[in-house]
Structures are given as structure tokens and as C-alpha cells.
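Architecture and fold: a report
Now for the letters of each chain:
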Protein chains: 2
Amino acid sequence: MTVTADAQQFLQAGLDQTPCLVIDVDVARTQYERIAHAFAGAGVHYAVKANPEPPLLRALVAAGCQFDVASRAEIDLCLAAGASPGDLSYGNTIKKSEDIAYAYARGVRMFSFDSDMELDKIVTHAPGSSVLCRVLASSDGARWPLSRKFGCVPEMAAELMKVAALRGLDPAGIAFHVGSQQLHPDRWEPSIATAAWIFKVLEQSGISLRILNAGGGFPVPYRTPVAPISAFASAVFDAVRRHFGHKPPSLMIEPGRYIAGPAGVLHTQVVLVSRKSYDDEPRWVYLDVGRFGGLAETEDEAIQYELTAPRGGPTGPVILAGPTCDSVDILYQHAPYDLPLDLAAGEVIRIHGTGAYTATYSAVGFNGLPPLRTVVSP
Amino acid sequence: MTVTADAQQFLQAGLDQTPCLVIDVDVARTQYERIAHAFAGAGVHYAVKANPEPPLLRALVAAGCQFDVASRAEIDLCLAAGASPGDLSYGNTIKKSEDIAYAYARGVRMFSFDSDMELDKIVTHAPGSSVLCRVLASSDGARWPLSRKFGCVPEMAAELMKVAALRGLDPAGIAFHVGSQQLHPDRWEPSIATAAWIFKVLEQSGISLRILNAGGGFPVPYRTPVAPISAFASAVFDAVRRHFGHKPPSLMIEPGRYIAGPAGVLHTQVVLVSRKSYDDEPRWVYLDVGRFGGLAETEDEAIQYELTAPRGGPTGPVILAGPTCDSVDILYQHAPYDLPLDLAAGEVIRIHGTGAYTATYSAVGFNGLPPLRTVVSP
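Please read all numbers here as calculations on a predicted model, not as lab measurements.

Listed by partner, the interface residues are 74 residues for chain B and 74 residues for chain A. Summed over both partners, the interface of chain B with chain A comes to about 5700 Å²; 59% of that surface belongs to carbon and sulfur atoms. Of all residues in chain B, Lys-149, Lys-276 and Cys-325 of chain B bury the most surface against chain A, accounting for 12% of the area lost on that side. Where Asp-288 of chain A meets Lys-96 of chain B, a salt bridge forms, and the shortest distance between an N and an O atom there is 2.7 Å. Our count for the contact surface shared by chain B and chain A stands at 38 residue pairs in polar contact (both at pLDDT 80 or more). Taken together, the elements giving at least two residues each to the side of chain B that touches chain A come down to helix H4 (72-80), helix H6 (116-125), helix H7 (154-166), strand E12 (264-274) and strand E13 (283-287) of chain B. The greatest single-element share of the side of chain B that touches chain A, amounting to five residues, is contributed by E12 of chain B. Taken together, the residues that form the side of chain B that touches chain A break down as 36 nonpolar, 18 polar and 20 charged.

After a rotation of 180 degrees and a shift along the axis of 0.0 Å, chain B superposes on chain A with an RMSD of 0.0 Å. Taken together, the rotation angle and the small translation identify this as a two-fold axis. Relative to the rotation axis, the closest C-alpha in chain B is found at Ala-363 of chain B, a distance of 2.0 Å. Of all interface residues in chain B, 100% are interface residues in chain A too; the two copies therefore contact each other through one and the same surface.

Residues and elements named next belong to chain A. Domain boundaries in chain A define domain 1 (52-255) and domain 2 (262-377). Residue-level contacts link 10 residues of domain 1 with 18 residues of domain 2. At the boundary of domain 1 and domain 2, one finds zero salt bridges. Where the side of domain 1 that touches domain 2 is concerned, the elements lending two or more residues are strand E7 (142-144) and strand E9 (180-182). A breakdown of the residues in the side of domain 1 that touches domain 2 according to their chemical character gives five nonpolar, two polar and three charged.

Parameters at a glance
- Residues numbered from 1 in each chain as written.
- Chains lettered and ligands numbered in written order.
- Predicted model: local features only at pLDDT ≥ 70, side-chain atom pairs only at ≥ 80, totals over all residues.
- Heavy atoms only, no water.
- Contact = heavy atoms within 4.5 Å.
- Buried area = accessible area lost by both parts, 1.4 Å probe.
- Salt bridge = Lys/Arg side-chain N within 4 Å of Asp/Glu carboxyl O.
- Polar contact = N/O pair within 3.5 Å; in protein donor to acceptor, adjacent residues only side chain to side chain.
- Helix = DSSP H or I, 4+ residues; strand = E, 2+ residues; numbered from the N terminus.
- Nonpolar A, V, L, I, M, F, W, Y, C, P; charged D, E, K, R; others polar.
- Least-squares fit on C-alpha atoms with pLDDT ≥ 70 in both.
- Domains from an automatic or database assignment.

Okay, here's the thing in C-alpha cells:
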């Protein structure tokens, strides 16, 4: 992760106003190019929820990226950044009728769903649109696993797609998601096999699906290395070949973390270093950002960010916590973290890889603290 | 929980704009009077973090309430609501130096701490102020337990108070907190005994403490009844008598949830009702508010709010989830909840007892969704 000279300048300017997330758009663009190259031929839809900063969206539009949106606001942000509505896929399977109508009025024609009630809404408020039906997928092996919240069983997906076709929608394809920060390239295959089965079943009913949306989940290195994106691409392409044979679908992916995560460095100040007793165990280090200030993914210590201290010298173990009076606002007490033994209040710690799922997750005024500020560079 | 006629009007006006938290200030005032009566003689400091809505703060000022603040913004809100700075206690043990200086400049003279570094900051930035040292307390039995994040061992508290006196601060007393939504009245006694021990140790060094801050944690009924506040007051007073004998300290309490919780009703709309398969288990009901939209305390299903459906009729079990693409945004999948079998998208569900720890916990723009809106009545 390189911080550009511009970012350094921004940073100097903002150092007395921690916490502050510095986003380097160049890094995000490079990540986009990397995944688009690895998945050559696939439609790359950036999951805007990861980080909707306008300069980042503009850079991705310019680079040829498409977008996965979850709400009205994300649609507006993408269109304002210059995206064409045809490049947007409304991937949230939980949409209000008026939000579907809003999207449709702005030209969005691709919607995901996983239930008959959502299908009804799309038929009514986005007639003739293309739909992707999301199927349940196992997210074993993901650091931020997805649950049964999204998707339906394959048999139901096949039935729903028949209904979609009957009701004038374009039954475009099948979507699934193997869980965010999914570390294992082989976890895509079972869902690809499932999707191929649904394609085949529907073919027999005269319905030809064409899109396979393999979702996101592509991991980034936090404190430990991960397999290169090429390994994930190979695993996906191999599985598609194996299960679809000579009639491969158009592939679509929805990376969020992979593009935005490495682009962010969160600058946070040490508020307090303390011990609970004179002969105590690890020090407690309290930062001015915590679980409710943007680091929501530290819940259960799921995502373990890399930290850097302002300077070298001997270090020792610490428990890391946020600045609020809420005791669940603890970042890491089981994961091993070390910081300088002479760490003092006011020193700035950098938290790396924080470009995704941080700023927008920040609470609006928890304990009276302001939400996380973002500075974009260059 | 009564919703006033005014609230009903607000509500009618806002029904098409769910989610919306309706706060009934009368209910909060009544709750304040109830706890102030039960704890007659004690200083009641409302924990502003529970809900900092200005009309609520103004009503509490008028009723004679004092305040526990956690940040600059909460100080400003209290002063703007008419509180005198002498009625404010800066109870957060994790404060930036500049925030201590800010509080001091505005007349705040009571600060909590639990470490030598924080003591240093108070000596420098709030010279001569009164200090409360927070000790570790067990929060067994609390639905939202506190951890070792706050407080130090009693021996350290005694030493720190000696240092406080030597460095020109007013060693006022001892603070502890037994965990929020603490269901067991007898859980205060062990910490009261600890505090009495510290009082005695310091007396031997010629330091007379005078304040016992027994914190908050007083529970409100969500789906199950809780012991009346008088039971908690009796338990606390009895324990104080038992451990302090003929020299009782001034008692101070910091209720947040008890005052604000029952004053709120969150109006949320059903976005989707779905099943994962045709022969499936419970329905999934997706609301337009979730864990990141204000219901943070549903983490691990800790706080189980009472819900009411718009109408009667046969009901069946449901899993409740929020509207975002994040799969940890699930409210209840283990706790048993039932809703009408014919529940439809667009219907409004009321979530009761949501006045505390909701609106300010809401994410600033998670998935592009706006934060929870509050309407105050009357």
C-alpha cells in the first residue's frame, strides 16, 4: 500500500483531526485493473456499499467498471459519477417497491431477487427488466460469512425463474455469494455446479439463462497473505468449464473489498494507555476509533487489520479498544497485537486496508462522537 | 408505553417515511421521576449517550435531573438544554486531553478516570477538579454486560486516589458499573463492598471520599417483566448501610436506558417476507431497520424488543432481519418471534422500548441507507 505525496499532504493537514480515513484512488483503480485482468471477459461490478466515495466511483467509471448497488443513494452516486444506468445491477434482494420504481425510472434494468414477493414487486415496478435469482450458498471459510439471509434453494430458484419469464421479465441468470473475505478459491465451485443445474432444468422448460453472477468475496491480505486473485479466477473459470461445458454463461463478479479495502489507511490517535492493575497482563490501548466509529468488521475480531505505530522500539502485547463508554466497543482482545512499550496519548496509529466497509458503517453520533471523516487523494 | 395524541399526529405524518423513532418526552420524564423517587437523596445523572435529543434533555433539566456525559458534543447539548455545568459529570474514562480542557473551560468539574495516564491529563487540563475513580465490577447477569474495558482493581484505585490528592485534585469518590440491563438487584452489593473498602483504606491515609457512584444498569421490561426500580433501590441502600455503616456516602446513579428506553417506539416497515424453500421453516421478515440502522443492541440477540404487528389474526414464527446486504444484519433468528401469517410488504411494525441506544448508534450511510430519523413528541 503506497500513500502518494498528495495523500501525505492531506494527511499532514488532517493529523490533528483524527480519526480520518485516507483513500488513495490510484490503489483502488489498480485493484480494479488487477481483478478485471484476472477475470478477463467477465463483467466486473464494483459493490458500491464497500465505499461510495464519489472520486473513487468516478475513477472506476473511467476505468470501465460496472456497479452493484444496494439502495437509491448508491444509484444516485453512480449516475452522478458518470456511470450509465445499464452498467448498474441492483443486487440487494430486499428492496422497497418505491426503490425499485425509483431505480427503474432512472434506467436501471437489472435486479436481483430470491423470493416470490420480491418478484411481484419487480414485475409491477420494473416491468420487463432482467432478473438474477440468488441461490443459497455455503460461506464456509469466509472471514465475514454470509448466512441464509440471502438466497433460496435451487429448486425454488428454478420455479421462480419460470414465473419471472411468464410474467414478462427477462430471466437473465443466477447469482450467489460465497461470503466476504473468502480465503478458499475452491468455495465457488459448489455454487457454480448448482447454477449449472438450474440452467439445465430451465433449458428443458425452454428458458435460456445467460448470466452467472459469482458475487464477491475475493480476499485482500490483512495481517496474513492470501492467494493471488489469479488463483480465484482460475478456480472459477475451471469450475465454469467443468459444469457448463461448451455453453459457458457470461460471467459477472461483484468485488467490493478487493477494490476498496487496500485503498484506505485509517489514521487514529491513541487516547489512553492503561493497565487494570500494577502487575497486569497486556496494556489496554484506547484509540479514537472503534467498532462504532467505522471498524464494525472487528466484531468477533473477524477482520484483523494491520496496524503500524508511529515509530520503532521495543513492543509488547496490547488489547485494543474504541473510545466509547460501550464495552462491546473492543477491537481486539484475543488476536495478538503488539505496540511500542512507551506508546503515549496523542500518538497516531495507522490502520491499513481500511478502505472497505468502514466510513459508511460509522455511527452517526455514538456517545456524541462524530462519524469517521474521509479524505480522498490524490 | 402510551403514545400521546401529538405523537399519533407526528406518526401519521411520518408513516410513509419509516424507519422513524418516535420519542415521548412525557414517558422519559415519568421514568426520571420514578427512579429519583426510588433513589431519594441520590444524585440522578442521566446517561446522555442513551438518547441526546434536545427536547428530552430540556425536560430532564426542568425536572431537576443531572447528567453523565461522554464527549464534547454531549456537554454542549446539556448546556444548550439549560443544564448548569456543575450538574455534569464527565463519566467516560477515555478522554482526549483537548476534550478534558474543553469540558473544564465550560465549567465541568467532575471527571471519572481509572488509570495514571488519564489522571495526568486531568491534573494538567482540569486542575483542582473532583475525580471519581472507576473500579472493575462484575457484570454477571446483565443482558449487555460490561467488560474489563473500564475500571481498575481496588488496590490501584486507592493508590490513584492518593496521587490525585497529592496532585491537587479533589478525590471525591468511587464509581462502578454492573452492566447495562442488569436484571439482578443483588449485583450491586459486591462493588459497594469494594468501594467501602477503598473508602476505609483512604481514610487511614487521611483522605475522606464522599461520593459513591453506583452507575446505571437499571433494567426496563422488554419482552419479560423485570423487578421494580424500588427493588434495586432497596438493594443498593441496604448494601450501602451494611458496608458503610454510620458514615454513608452521597449516592450517585447514572440511569440511561431506564429513563430513555420506554420513551421510544420505532416504526419500521416490512420490506420483504420470504421463504428459503417451499417446505421451509420460519418465514424471513426483512424490516427497513436493522442492526446498522439503530438496533445495534440486537447483536447476539442481547436485547429482545417487543414488536407489535399492525393487526391481529393468526401468527407464525419468523426470523427478523434488516434491509442491508450484510448478513450479520439479522435481528433475531434464535429468539422466538411471531408475526401475522399474511404479513405483507409495506405494513408497519412497531418496535417498543427503543428510546435508548438506538438513533445515535445508527450508521451514517450503511449500504447507502440514511440514518434513523427521530420525531419527538409532544
